[in-house]
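# Observations on chain architecture
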Amino acid sequence: MVEKSDIRVVRCGGSKINLRAPIISYDSRYVLCTSGDLVKVYSTRTEEWIHTLQAHTNQITGIALNPANHLQVYSCSVDGTVKLWDFIDGILIKTFVFGYPLFSLYVSKKHEGVIFLHCPVTKKSEDEAFQLVAVNLPKSAEQEVEVKELKAVLFDISSNPSCTAVGREGEYIASANHLKLHIYFFRKQRTYSFSLNATDKKGARNVFTCIACHPKEDCIGTGHEDGKIRLWRNFNNKKECTHSTMHWHHNAVNTLCFTAEGTNLLSGGLESVLVQWHYGGDKKEFLPRLGGSILHISTSPDGQLFCTSHSDNKITVIESSLKVSAVIQGLVKGDEVLTDLMIDPRSKSLVLNGKPGHLQFYSLLRDKHLYNLDIVQQEYIYEAGLDQFEVVKAAFDVKGSWLATVEQRGKKSSDLEIFLKLWAFDEQTQSFVLNTSIAAAHEDQIMSMCFSSSEETTMLVTTAKDCQFKAWVQGSEADTQQSFWSCDFVGSYHNLRPTNCSFSADGSLLAVSFQEVITIWSPETWELLSTLCQPPGEIRDLCFGRLSCSKYLLGTTTKNLLCCWNLLTCALEWCSSLDVGTLLPDPLSENVAAFSYQPTHTDLFVFRPSEPRPLFAHKSVCSGKVHRAVFVPREELLARCDEGSQWLNRSQLYFLSQAMDLLTFSTATEDDRMLAASKRLVVDDSVAVTPFYLLLGKHRQQQEKPNTSNPVTHKPQLPQGSVAIKELLHTAAHVLPAASVLCSLFVTSLLISNTGVREEMDSSEQEMDSEKEEEDSEEEIEACDSQQELRAQGSVDEVTPKLSKAQEKELRKVRKTDFSWMTGLIDSKS
Amino acid sequence: MGEFKVHQVRFFEYMPTGIRALAFHAQNEKMAVARMDGSVEICDCSDNFFQEKVIPGREQSGIEALSWVGDRLFSAGLNGEIAEYDLTNQKVKYTIDAYGGPIWTITGNKQGTHLAVGCEDGNVKLFEVIEDKIQFERNLNRQKGRIISLSWHPSGSKIAAGMMDMIQVFNVETGNSIHRMLVDRGLRRSRSEECVVWSVVYLSDGTIISGDSAGMVKMWDDCTGTLIKSHSVTKSDVLALSVSQKEDSLVAGTSEGCVVQFQFISVVLEKDEKEWVRTRTFKNHTHDIRAVAEITTAVVSGGMDTQLVVRPLLDKVEVRSTASALRKILFPHRRLVSCAKKAGLMLFQYPSHLELWRLGESEGQSTPGSSLPIRRKPEKLLFLKVKGEEHIRCSVVSPCGEWIAYSTASSLRLYRLHCDNNNVSITKMSKLPKVLSSANQLCFSPDSSHLFSASTESSVHIVSLNQLGCKYVATLKPKSGSKQAINLLTASEDGNWLASANSDHEVQVYNLQKRKTHCTVPIYSSAVSAIAFHPTTNCLFMVHADQQMFEFSIEQKQYTDWSRSVQRNKLHHIWLERDTPVTNVMFDPKNPSHVILHDMYMLCVIDKSLPLPENSSQFYNQLTLKSLPAEERKFYSHAFKICKTFRAILCVEQMLDQSLVVVERPLTDITTQLPAPIKQKKFAT
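This report concerns the structure included in the present document. (Residues numbered from 1 in each chain as written. Chains lettered and ligands numbered in written order. Predicted model: local features only at pLDDT ≥ 70, side-chain atom pairs only at ≥ 80, totals over all residues. Heavy atoms only, no water.)

## A closer look at the overall build of chain A
Threshold: Only DSSP runs of H or I with at least four residues qualify as helices, and only runs of E with at least two residues qualify as strands; both kinds are numbered from the N terminus onward. Accessibility here uses a 1.4 Å probe with only protein chains present; expressed as a share of the type maximum, an area under 20% marks a residue as buried, one over 50% as exposed, and anything in between as partly exposed. Residue contacts follow a heavy-atom distance rule, with two residues in contact if any of their heavy atoms lie within 4.5 Å. Here the open area of atoms and residues is found with the Shrake-Rupley method and a 1.4 Å probe, where only the protein chains shown may cover a residue.
Helix and strand counts for chain A come out as eight helices and 57 strands. Within chain A, the proportion of its 830 residues that are buried is 51%. Long-range contacts, defined here as pairs at least 24 residues apart, represent 45% of the contacts in chain A between residues at least 6 apart. Just so you have it, chain A exposes about 39,700 Å², and 51% of that area is on carbon and sulfur atoms.

As structure tokens, then:
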């Protein structure tokens, strides 16, 4: 057993950002959302991921702005803690430890220092009975505080946190469970309950699905399973309670939200249409075609923005005029990733199922969705129970110039529709273009698909349940410019069902497994070279070794055997009893990763095919099965001597857990580096982040290009006249004098500071430079100061070569004077 | 339950007419319902909405509006006349021409002193209500355009009038217009189309609420004459509005068949500031709702689809009971069919004509539940058009099938029917006795020798009939001196007894031999919906509108033991929860302990020899009994046997050969004859 050392499993983003409703900051500049055990802060304007709040150790289940301080946010997690953050700077302020797994969080402005938590009644059972507790947060100075005083407010509440909401000014809290609505009044300390019939004569399904309280009036909106929205009033009286009904949704209402002033009610559901109901009238407005079904809606406190989160792991920022202004797309996850995880060899992005009928390209480095590639090219209908085309298989060739996809429709094999599509990469548009579409490539479901791994020939092999495997090659038709794909060879073996196929590293051999038998073919001649068999048990997965181990073929069987054959001798090299589900060769090294399933969790072994000894083993990398995994080549190699983590040097292993979380392995050195990088990114707080800053920052970057050889040690130079700028930028606009007065002040402040700094720097540089090396240094400066090259050249032409050295020096000084502020000004004015 | 040969009759093309106006009398809890054919029905809201009085209409006299002033009921219509009704004798008392062209609306003030009518010519005319009469007082300032709707301020000093495109508020004293509030024509229709303010309601706090053809319900302030709030309720018209007594709830009827409720509730709990908020929507109609009324515990609505719907407001109901169920009144609570038992003839009463049919005959035997082959088809023998404009109030055919009698509000006609082979002819009996000028209810004696005619003040005139003519015999008068009209008459099989029931719920039993009152049945709180004499024991069987049953022994002048046991044990709750009254009682001659009853939805045989069902036991137990072995069956069986084979029963009668005639009028047949409703887009169509 190899020492685990410093390798740990981390959630590497890409997790659900739609678990809970996102929140918008008071100034509408940031959107905060939960993402696994992180809180991510995005900009509402640029959609950019700004930073993360990271400290929780388990799934975050709720976030809420601190009503007492609009720059702080509370978050609660299954790990039993509530944390208070400064989300602008990403600083953890306080941690409150509860010990109960927490499932949601509610706050109210009236209840200062009190938060309401949604937690199970007992510590152990996770999905039994839930209660709502009020917690008086202790006012201690310590960083970590244990909270013991919990006061139960409502018992037996729904497990769905959107079925609970705090009412107007925190007067009451409303919660719905199944068919009952409970309203607890804090002042009277009384609960009123109202119930609906399960069904009425017209077939209505009255189960509550969500709840929202009007911010200004005593009105509670509830959404129901049959798409009705009820507005309850007079609920402080059992008898006079009354409700009105609005019905537009044809399916369950997933979420309801009142706008900040209560003038509108927003609702969303499966239809992926945002409906804006005019409160008190019967007008309604729609914003259709938002993508996946709407799960949550939130509104900004200033009423400018709405925010919807969708089932396809997306957050849409919508202006109050119902115009989509930004889309924050997470790693799209439907119910299942049918295609493998793949790496696009060109963009090094992760490719997997995305939106229905699409393949998505996702940048792991930036944890950002890049784009969707429409494979099915048909309108997707958002309705439950429809049988629609899905992308089930996809594969890239080695160079990334071809993409093969398989789409399939039909649950039963009798009415199965299969399309095999081949996409060529178009250099001009930088995207994949459909080259060949083959209808009914196989008669039955396609089981596996792979491209030849040799760089010269591109060949695609598909295996299917119809007991055949087919090889497809690009045809060379002389009369047409384009060449299309066609079937080259149809192979079968004793009418057995092929399951897996794999090419050897050099592409000279093709292994196809037929139940218990592995057949080795030569792709050139389509000759059956050899058969390998190790009964009992069918072959589950198959792969060739790489590099120095390319003579080995690995296979796992359903009877818990991991076998390694030597292809030179065609004999079993070694065999070990291990229930391995997935074999994953690292394309850049000899290592193979094997995921071994235990009943409750999955173990990972990394080994070389040459020896039956694991290089690295990690017990229970995650609970449940690991469905898909991929080795991602690193941009730069990690230099590490530690033996246990050497396998991570060239590539990184990513895998999807059963809960569809994207996980990876991280080493201590990497963590350190990350930490250093995040420190470097801390914004210099002497300058306010304003459009002016962006202008100035850009300007400064241009200047600093030559001297930023060591960015870590370099401290950004502030213009000396920044006092004036600061004054200008930090003073409220209404007390400032007229802009015309300020303009010259501002310009001069920029001018003086820049020349001053530059002069100082130049003089020091010049002092260091020896006079003899003048010619060289001049060249150097010219090369560096490319910005002013054109202008400088003009002056060089005019100047006669015969000049005294002092004159020359003076001239150079003038030349080096920075005029780029001028261009900046012109740019900003135009 | 016995076996019967059943004539299933579906050729009575009964067609109810749409409801045009509703007026609720809060003190008496009476609802006046005006229909398109000009008839007015008075329903008792406290007594399961039993139609206790029906005033037949006239040709060409549509009613546009109804109004109670005190206990007096007034109506006005497009013929330009105001009518007052004589509710005791169930007829029009007098009509008076308003001289303002067609009248769209009539409304009385709360004080009961004045009536205001809105006329086509733009006049609001005030009539003073004086004893036995109304008198024209003056016109308010004349406006351009017709007055569609009117509403008095509860103080009686101001009146709001809904017109074309505007609402005018008048000072009643000076007759001047205080405010003129323009109503938006709405965007949905073309701008050129005028907006009709179909209904206005003036609240005591000075709010005027209007419903218009743009589909809006608007709240106005009468102080400033400005719009406070506007609710868009429907894409089509808002036709009717009604406010509750406490002025905390308002209902609006739309032409899409929806009733929309608004409530005056505080937007912030426990604060006084209140607002009109749209709350519930009830959709119980398929066609235009022409009239709504909010009564204490329910919303009553009626419209073009001819049914009166009572939608209870559960938040105002103390206990959930029979009274708190949704109720739809489709068929009249009185009989429109009479049967000549011996001759096998049926007389169907239409508003302005009568039809006489001969029942078909069948042959052979068949198993229960299956239909028999028909030997002779039923045939229509007679079509008798009523003379004059008035509609028929009651009609009857004699058991022998030789006499037909009908009465309108002002005249009674008696015909003798000659029926030999296929030739049918009738002769009108002339020179009727003077007492037979009109009748509220008619009945022949079982041997067809006498005609009983119910007249004013609950009196019954007896006329003997023979081949040559008829002769006045006697008049029976109740001792109670009730002035109400009789609505049920029945004679015993042996010809000795006659029973009558009137709208005061009094049941009188007369001895026809002595021609005087025999006894009076104790008055029960609910109206009598059906009475009949038992053919052998001569016990009087009565069923009331609240579904209670009594059996009264004539000889002992007291309730029978069975009747007492029914009262003691209480009837089964399922029986009590039925919402249509029993309209006929018959007896099975083969088995004297069997009583046959029917209402609109079912036929029931009560076996008096069996125990009554316990409240907890299964009520509809015939299927369960069938599955049980014979010994256990006895233990579980109870008196009520329900047959739901027939739907929408108008009438069930027994013929002499012990076959039953079931007159059905399937509701789909009625709906197909209705005009097309407003086209509405339905989801997924």
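## Concerning the pattern of salt bridges
The criterion, for reference: One speaks of a salt bridge when a side-chain nitrogen belonging to Lys or Arg is within 4 Å of a carboxyl oxygen belonging to Asp or Glu.
Inspection of every chain in the model, using the stated rule, returns 34 salt bridges over all chains. Two residues, Glu417 of chain A and Arg409 of chain A, come together in a salt bridge whose shortest N-O distance is 2.8 Å. Given the relative accessible area of 26%, Arg409 of chain A is considered partly exposed. Among the ionic pairs, Arg35 of chain B bridges to Glu41 of chain B, the shortest N-O distance being 2.9 Å. Of the residues examined, Arg35 of chain B reaches a relative accessible area of 6% and is grouped as buried. Residue Glu41 of chain B is classed as buried on the basis of its relative accessible area, which comes to 8%. What you see here is one network of salt bridges that share partners, running through Arg72, Glu84, Lys93 and Asp132 of chain B.

## With respect to the packing of aromatic side chains
Residues and elements named next belong to chain A. Applied cut-off: Paired rings are identified among Phe, Tyr and Trp, the last through its six-membered ring, by centres lying within 6.5 Å, and are further divided according to the angle between planes into stacked (under 30 degrees), edge-to-face (over 60) and tilted (the rest). A ring is considered to have a charge above it if a Lys NZ or an Arg CZ atom is located within 6 Å of its centre and within 35 degrees of its normal.
Within the structure shown, the criterion is met by 49 aromatic pairs over all chains. Geometrically, the ring pair formed by Tyr493 and Phe514 is tilted, given 5.6 Å between the ring centres and 40° between the ring planes. In this pair, Tyr493 sits in the loop between strand S42 (485-491) and strand S43 (498-503) while Phe514 sits in strand S44 (residues 510-514), placing the two residues 21 residues apart along the sequence. For Phe514, a relative accessible area of 0% puts it in the buried group. Arranged with centres 5.6 Å apart and planes meeting at 40°, the rings of Phe655 and Phe665 form a pair that is tilted. With Phe655 in strand S56 (residues 651-656) and Phe665 in strand S57 (residues 662-666), the pair connects residues that are ten residues apart, well separated along the chain. For the pair shown, Phe655 and Phe665 are each scored as buried. Seen from the ring of Trp49, Lys40 lies directly overhead, with NZ or CZ sitting 4.9 Å from the centre. Positioned over the ring face of Phe185 is Lys188, at 5.2 Å from the centre of the ring.

## As for empty space enclosed by the protein
Residues and elements named next belong to chain B. Defined as follows: A cavity, in this analysis, means grid points on a 1 Å lattice covering only the protein atoms where a 1.4 Å probe fits yet has no way out; a pocket is instead an open set bounded by protein on both sides within 12 Å along at least five of seven lines, and a residue lines either one if it has an atom within 4 Å of a point. Grid points are joined across faces, edges and corners, and a volume is the space filled by probe spheres set on the points. Note that Gly is not counted as nonpolar here; it falls among the polar residues with everything else outside the nonpolar set of Ala, Val, Leu, Ile, Met, Phe, Trp, Tyr, Cys and Pro and the charged set of Asp, Glu, Lys and Arg.
Evaluation of the coordinates by the stated rule reveals five cavities of 30 Å³ or more. Reported here for the largest cavity is a volume of approximately 110 Å³. Contributing to the lining of the largest cavity are 14 residues, with Phe331, Pro332, His333, Thr583 and Met600 lying nearest its centre. When contributions to the lining of the largest cavity are tallied by element, the ones reaching two or more residues are strand S29 (327-329) and strand S56 (649-654). Across the lining of the largest cavity, the residue classes break down as eight nonpolar, three polar and three charged.

## Considerations on the pairing of strand S26 (residues 289-294) of chain B
Residues and elements named next belong to chain B. Filter applied, for reference: By the convention used here, strands pair only if DSSP detects at least 2 bridges between them.
Among the six residues in S26, five count as buried, and that is most of the element. One ladder, built from five bridges, connects S26 with strand S27 (residues 298-303); its direction is antiparallel. Residue pairing in the sheet places Val292 in a bridge with Ser301 of S27. Taking the residues between adjacent antiparallel strands as the criterion, S26 and S27 are bridged by three residues.

## Regarding the side chain of Arg358 of chain B
Mapped onto the fold, Arg358 of chain B is located in strand S32 (residues 353-358). Not counting residues within four places of it along the chain, the set of residues in contact with Arg358 of chain B comprises Gly344, Leu345, Arg376, Pro378, Glu379, Leu381, Cys419 and Asn421 of chain B.

## Thoughts on the sheet that holds strand S1 (residues 6-9) of chain B
Residue and element names in this part refer to chain B. Rules: Only the stretch in contact is used when a helix axis is fitted, and all axes are lines through C-alpha atoms; the angle between N-to-C directions ranges over 0 to 180 degrees.
Judged by pairing direction, the sheet is mixed, and its three strands sit side by side in the order S1-S57-S56 without closing on themselves. The strands lining the two open edges of the sheet, one partner per strand, are S1 and S56. Looking at each pair of strands side by side, their axes are set apart by 15° on average, direction ignored. The sheet contact formed by S1 and strand S57 (residues 660-664) spans four bridges and is parallel. Of the residues in S57, the one forming a bridge with Val9 is Val663.

## Section: the pairing of strand S23 (residues 253-258) of chain A
Residue and element names in this part refer to chain A. By the criterion of burial, S23 is predominantly enclosed, with five of the six residues buried. Two strands pair when backbone bridges link them, and S23 and strand S24 (residues 264-269) are joined in this way by five bridges, in the antiparallel orientation. In the strand pairing of S24, Cys257 is matched with Leu266. Linking S23 to S24, which pair antiparallel, is a turn of five residues; within it Gly262 sits at a positive phi near 80°.

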